[in-house]
Amino acid sequence: MPAAVVPVDALALGPGYLYWAPLATTLPANTVAGSVFTDAWPAGFILLGATENGHEFQYDLSVDPVEVEEYLEPVKFVTKGRQTGMKFELAQIHATNMKRAMNGGTITVTGTAATTLSKLSPPALGAEVRAIIGWESTDSTERMIGYQCLQQGSISMKRQKGASKATIPVEFKFEQPTSGGDPFNYWTAGTIRG
């Protein structure tokens, strides 16, 4: 048998760019030219900024085995649920990112310029706000959007000496949108990523 040529033309490199937007924000058009996305993310999508280690997409399928006495292995697996989402650690520490991590709340600002004082009050229990989470690859050949997301991770900020920086760890889970449709979509640009 001749040696196979192993393809390496679809490697994915770099952390990409993470976006946050309120629900009902206009979505990107996903215009492709030259095998890359060429349209800008619409107004309302806020670039979340630097992260500790990029992000991690999670797709967890929950199944139950169907077993019969005559076989050792299950004869079938039945899907009973699914959880999807993204987790990352925000390196930009400010009241607005803390508010996003808490799924809402109120920021009260007094003073101006060098006397500005901002106070974040957490949201009331049950008053958490859902958001849209978007991502685009560094080379503009991949995009993903979670249409209705709730941050469910534990916020634990560590402060240390030296060059160790604080981060805001978040884990946005994708919900079934109240408007129906997919909880998330993943797009690629060009034939190599397809």
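Before any of the text, the structure's been laid out above.
Since this is a predicted model, take the numbers as computed values, not measurements.

Topic: the packing of aromatic side chains
For step 1, the next point in the chain: Applying the stated criterion to the full structure yields seven aromatic pairs.
For step 2, the next point in the chain: When the ring of Tyr19 is compared with that of Trp41, the centres are 4.4 Å apart and the planes differ by 15°; the resulting orientation is stacked. Placement of the pair is Tyr19 in strand S1 (residues 17-22) and Trp41 in the loop between strand S3 (36-37) and strand S4 (46-47), with a sequence separation of 22 residues. Each member of the pair, Tyr19 as well as Trp41, is classed as buried.
For step 3, the next point in the chain: Connected via pairs of aromatic rings, a cluster forms that spans Phe57, Tyr59, Phe174 and Phe184.

Examining a nonpolar patch on the surface
For step 1, the next point in the chain: On the surface, Phe57, Tyr59, Leu61, Val63 and Phe77 cluster together into a nonpolar patch covering about 460 Å² of accessible area.
For step 2, the next point in the chain: Ranked by residues supplied to the nonpolar patch, first place goes to strand S5 (residues 51-66) with four residues.
For step 3, the next point in the chain: Looking at the secondary structure, you find Val63 in strand S5.
For step 4, the next point in the chain: Here Val63 falls in the partly exposed class, since its relative accessible area comes to 34%.

Some points on the pattern of salt bridges
Pairs can form between side chains of opposite charge whenever their charged atoms are close.
For step 1, the next point in the chain: Under the defined criterion, the tally for this structure stands at seven salt bridges.
For step 2, the next point in the chain: Ionic pairing is found between Lys80 and Asp64, a salt bridge with its closest N-O pair at 3.4 Å. Residue Lys80 is located in strand S6 (residues 76-90), and its partner Asp64 is located in strand S5; the two are separated by 16 residues in the primary sequence.
For step 3, the next point in the chain: Look at Lys80 and you get exposed, because its relative accessible area is 55%.
For step 4, the next point in the chain: Residue Asp64 is classed as partly exposed on the basis of its relative accessible area of 36%.
For step 5, the next point in the chain: In this structure, the salt-bridge partner of Asp139 is Arg193, at a minimum N-O distance of 3.3 Å. In this pair, Asp139 sits in the loop between strand S9 (131-136) and strand S10 (142-151) while Arg193 sits in the segment after strand S12 (184-188), placing the two residues 54 residues apart along the sequence.
For step 6, the next point in the chain: The exposure class assigned to Asp139 is partly exposed, which follows from its relative accessible area of 35%.
For step 7, the next point in the chain: Residue Arg193 is classed as buried on the basis of its relative accessible area of 17%.
For step 8, the next point in the chain: One salt-bridge network, held together by shared partners, links Asp39, Glu136 and Arg143.

Details of the pairing of S9
Successive side chains on a regular strand alternate, one facing one side of the sheet and the next facing the other.
For step 1, the next point in the chain: Counted residue by residue, S9 has six buried out of six residues, so it is predominantly covered.
For step 2, the next point in the chain: Burial along S9 is two-sided: Ala131, Ile133 and Trp135 facing one way and Ile132, Gly134 and Glu136 facing the other are all buried.
For step 3, the next point in the chain: Relative to S9, S1 runs antiparallel, the two sharing six bridges. Bridge pairing in S9 links Tyr19 to Gly134.
For step 4, the next point in the chain: With five bridges joining them, S9 and S10 adopt antiparallel strand pairing. Looking across to S10, one finds that Glu136 is bridged to Arg143.
For step 5, the next point in the chain: Linking S9 to S10, which pair antiparallel, is a turn of five residues; within it Ser140 sits at a positive phi near 60°.

Structural notes on unusual backbone geometry
For step 1, the next point in the chain: A positive phi angle, near 70°, is found at Ser35, a position not held by glycine.
For step 2, the next point in the chain: Its place among the elements puts Ser35 in the loop between strand S2 (32-33) and S3.
For step 3, the next point in the chain: By relative accessible area, which is 39% here, Ser35 ends up partly exposed.

Quick notes on the rules
Residues numbered from 1 in each chain as written. Predicted model: local features only at pLDDT ≥ 70, side-chain atom pairs only at ≥ 80, totals over all residues. Heavy atoms only, no water. Phe/Tyr/Trp six-rings, centres within 6.5 Å; stacked < 30°, edge-to-face > 60°. Helix = DSSP H or I, 4+ residues; strand = E, 2+ residues; numbered from the N terminus. Buried < 20%, exposed > 50% of the residue type's maximum accessible area, 1.4 Å probe, protein only. Patch = residues over 30% accessible without salt bridge, like charges linked within 9 Å, V, L, I, M, F, W, Y side chains within 5 Å. Areas by Shrake-Rupley, 256 points an atom, 1.4 Å probe, with all protein chains shown as cover. Salt bridge = Lys/Arg side-chain N within 4 Å of Asp/Glu carboxyl O. Pairing = 2+ DSSP bridges.

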